[in-house]
Structures are given as structure tokens and as C-alpha cells.
Amino acid sequence: MTHYWNPRIETMEISELEDLQFRLLKTLVYRLYSFSRFYHDRMDENGVHPDDIGSLEDIRKLPFMLKKDLRDNYPDGLFIAPQDEIVRYHVSSGTTGKPTVVGYTEQDLNRWTESLARALSSCGMGRGDVMQVSYGYGLFTGGLGLHYGAERIGATVLPASVGNTERQVEMMIDLKVTAIACTPSYLLHIGEVAEKMGISIKNDTRLRIGVLGAEPWTEQMRERIESWLGIRAYDIFGTSELSGPLFTECKEQKGIHIWGDLAYAEVLDESGNEVPPGKEGELVVTMLQKEALPIIRYRTGDITKVERSKCSCGRSHARIHRITGRVDDMLIIRGINVFPSQVEYALMEIPEVGEHFQIVVDRKGALDEMLVRVEVKKDSFSDKITDLMKIRSSVEHRLKNSLNVSCSVELVEPGSLPRFEGKSKKVIDARKI
Ligand code: DLL
């Protein structure tokens, strides 16, 4: 039986939800035009006034917001709440430039937690579950976000954070953990460490749910994780600018529900037009009720599709397909576009190949070269050169077929590529070094 956290909101008719979204949008736009210098100026520059928003579709008249806008206004130039109403800051790592700071009022934290309470309930969690939160606690939003969401639904939280992986495995057994939240890469690592300790997560623990995200992963990887660890693995999405982790798949595993009373999702093509149904584009999100740091039409850079029909779980809120890459993730190899997720997709179809790989791109003279380092599974790793050559050529073939560009493949021993506790780094682009 489907369990809803907030049945009235989660199952409201699509038309009623759209009406609510329109009213929230209109209020938001008036509020920002009056109280935010940034939005006021942006709207004036784009020749749009709050009175021009006469329907939900009119959201397209509003200007975009970029990560650059947050950086240019570092640290708190875009906040519209006074400092004494801000109860928390999170700060993004800033690996690709200046960090961004997100501030939260008490209501912002409350809504963030409500979003995750609905999400975790939709994955089948509730009172009686023990959730190990193995996302980083601190400036990153993953740890604290999931922590409060899981507490809100009455689950028991184990704030494990990242690292000390053997201890994570021991605690998982001793405290009868039933659900874990972490990156898919970290769960793979935890599974391997458990095996080295002589423990099978599938047979020796009570783990039944993984809430995995913060980085791209494929459907093939989900299948492997589910069958290896004996769990149901759900995708969770969010970005620090939008609050942090916010949205997950429900038990149907047919897309990530974007709670429509909190956020409006658009998927746009390169010229900023809505893509036709079923087509991929860039995810652009408006947060309809955020107070301290309002976000209108934030370009996430993430590539996905949107589905607006009612889900078979009974929820009416739009769903996004799993993220297949980022607009800035795309590698151009001899003129061909390649996404790391395409490489993962192809590799995971080959049974001899393990879950870990690394892509190294370099330039020899004028030509781009791509090398894919692939770990072979323990039971397929043989001393016989001919066996390994066979695997290598089948990997090369598969990659060539699905990427339309040839690359070299290096098979490496199981356990030899780097492991990650947080977001993994699968691509080394030596052309940029
Ligand atoms: O990663 C928030 C988060 C924490 C999400 C825990 C899920 C779980 P940032 O560090 O700001 O925030 O990174 C946001 O990570 O724009 C995507 O590119 C990527 N990302 C997040 N979730 C997914 C996912 C957190 N499920 C950026 N699949 C986003 C693919 C994801 N990419």
C-alpha cells in the first residue's frame, strides 16, 4: 500500500496543483520585484513586470538565474532576509570557482525537511527504520538535509557522515541499519570493504533501502547495486542553491518527484525553449516558497527529461528522469560528444567488468585521445593474457558502438582505481591541465 507523508498535497489533482503553483509564482514575483534589487533590475532589463505574469506558462517571460549570479554576489548579496532571520548557512565547495553561500530562514529549513519527509516516505521508509546518513555533515548539504528529513518521519538516524568505512560496516550491523543515504560510489566502496571484512551486506545486515545521489549514476549501476547488496536503490536529487537534497523517486522507480508546491521544473533546449515531451534538455528550477535566498529559473546545468502525467503511485507531482549528465560535463572527443554516463552505461552491460572505471582524455598533436581504465571483476581476472585480451577487445567494441568514437581500453586489477567517500571523480581531462 502506498504511504503518503502529506496525502492532501501529494495526490491533489494536476489542475489544482498548477493553480496553486501559479498563485505562488505570482506572489513570489511581486515579492522579489519589491524586495530584491537583483530581481528588480533583472526584470526591468528584460522588460518584464509582475503584472505580465498572468498564467503559469508566463514563467518563461522571467529571466534566468545562473550560478555565476550567486558567485558575483558572494557571499550574501542575493539574500532578501535580514541576517537575524537567517538560522543556517551552507557553503558549496567552490571547486570550479568562488564558493556559493546559501542562507536559510526557519521556514526554509522547515520546507526543506518537509520535502525530504515526503521523499523518504515515498521510498517506503518510516517509523522503525534506522537510517545511516553517510553523506558529509558540515558545509555540504547532504548530511544535515537527510538527517532532519529522516528524523521528521520518525526514523532513527545514525549520523555516520563519511569515512572510517570499516566502522560504518560494524555500525550497520550492530545498530540494525535498514536504510542508507550516500553517494552511489560510496555505497560501492562500503560494500567492498564489508566483503574484505568477511561480511555480506545482502546476507548479514538488515539494509533494505539505499537513497543514492549527489552524482550521476546509471540504471545499469542501479541493477548491479540492487542485486549485489539485496536492496532497493532510489535516486535522490538536489543542489545546494535549491536548498540541498530535496527530491527522490518513489517506490515505482519511474522518475524523481519534484514537489510542485515547492518547486517548478522546466526542461529547456539550448535556445531556452521548452523541449518536446520525452526529449532531454537542461533542468531549470524555480523555488516557489524559498525565503532567504529566492531562486527563479535557476539553470542547474543538469540534463534530464520531464514527465508531467500522474504517476502510478498516485502522486500528481511532475517527475524528472535520472540526470544523464551536465552541460559542462560533456567531453568533445575528435568532434564527437561523449558523456561519462554513456561510458558507464556501456561498461555495465559487460558482465566481466567491475563497477569502477576512469576516463582519461589527452591530446596527441592535434588529436584527442580517450583512454578508459576499467577494473575487471575478481572472478574474471585471470593470469592468462589471452583471456584478458578477449575482455579488452569486447570492451573496446562495446564502447566504440555506443559512443561512435574509438578509444583505448586498459584493464586493471580489481581494487586498483581510486575509491570515493563523497562525489566521485571519474574523468581526468589532461587537455585542461
Ligand atoms: O549534491 C545536493 C545533494 C546531496 C543531492 C545529497 C543529493 C544527495 P551540490 O553539491 O550543490 O548539491 O551539487 C549539485 O550534483 O547540479 C548535479 O549535477 C549533481 N547531482 C545531485 N544529485 C544528483 C543525482 C548536492 N541524483 C549537483 N544524479 C547537481 C545526478 C546529481 N547528478
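Residues numbered from 1 in each chain as written. Predicted model: local features only at pLDDT ≥ 70, side-chain atom pairs only at ≥ 80, totals over all residues. Heavy atoms only, no water.

Regarding the layout of surface pockets
Which entries qualify depends on this criterion: Grid points spaced at 1 Å and placed over the protein atoms alone form the basis of the search, with a cavity being a set where a 1.4 Å probe fits but cannot get out and a pocket an open set showing protein on both sides within 12 Å along at least five of seven lines. Lining residues have an atom within 4 Å of a point. Grid points are joined across faces, edges and corners, and a volume is the space filled by probe spheres set on the points. Secondary structure elements are taken from DSSP: a helix is a run of H or I of four residues or more, a strand is a run of E of two residues or more, and numbering for both begins at the N terminus. Domain extents, as shown, originate in an automatic or database domain assignment.
Empty space within the second largest pocket amounts to approximately 580 Å³. Contributions of two or more residues to the lining of the second largest pocket are made by helix 8 (184-196), helix 10 (219-229), strand 18 (353-364) and strand 19 (367-376). In terms of residue count, helix 8 provides more of the lining of the second largest pocket than any other element does, five residues in total. Two domains each donate at least three residues to the lining of the second largest pocket, and these are domain 1 (7-327) and domain 2 (333-429).

Focus: the environment of Thr27
Structurally, the position occupied by Thr27 is in helix 2 (residues 14-35). Spatially, the C-alpha atoms of Thr27 and Pro50 are 9.0 Å apart, while their sequence positions differ by 23 residues.

Points about the nonpolar core
Selection rule: Residue types Ala, Val, Leu, Ile, Met, Phe, Trp, Tyr and Cys, when buried and joined through side-chain atoms within 4.5 Å, form a set referred to as a nonpolar core. Burial classification: accessible surface area is computed with a 1.4 Å probe over protein chains only, and a residue below 20% of its type maximum counts as buried, one above 50% as exposed, and the rest as partly exposed. It only takes one pair of heavy atoms within 4.5 Å for two residues to be counted as in contact.
Membership of the largest hydrophobic core comes to 75 residues, with the highest contact counts inside it found for Leu62, Met131 and Leu146. When residues in this core are grouped by element, the largest group, nine residues, is from helix 2. Setting aside residues no more than four positions away along its own chain, Leu146 makes contact with Leu116, Leu120, Val133, Tyr135, Ala181, Val211, Ile236 and Pro245. Ranked by size, the runner-up nonpolar core spans 51 residues in total, among them Ile180, Ile190, Val343 and Leu411.

Remarks on the site of the ligand
Our working rule: Whether a residue is near a molecule or strand depends on its heavy atoms: it is near if one of them lies within 4 Å of it. Under this definition, polar contacts are N or O atom pairs within 3.5 Å; protein pairs additionally need one hydrogen-donor-capable and one acceptor-capable atom, and for neighbouring residues in sequence, both atoms have to be side-chain atoms. Per-residue accessibility takes into account occlusion by the displayed protein chains alone, with areas from the Shrake-Rupley method and a 1.4 Å probe. Residue type decides the class: Asp, Glu, Lys and Arg count as charged, Ala, Val, Leu, Ile, Met, Phe, Trp, Tyr, Cys and Pro as nonpolar, and the leftover types, Gly among them, as polar.
Taken together, the neighbourhood of the ligand is formed by 19 residues, with Asp235, Ile236, Ser240, Asp302 and Lys423 sitting nearest. The backbone of Ala214 places a nitrogen or oxygen atom 3.1 Å from a nitrogen atom of the ligand. One nitrogen or oxygen atom from the side chain of Asp235 is found 2.8 Å from a nitrogen atom belonging to the ligand. Notes on the ligand: free accessible area 600 Å², of which the protein chains cover 91%. Going through the elements one at a time, helix 6 (141-152) and strand 7 (232-239) are the ones with two or more residues in the shell around the ligand. With five residues, strand 7 is the single largest residue contributor to the shell around the ligand. By residue class, the composition of the shell around the ligand is eight nonpolar, six polar and five charged.

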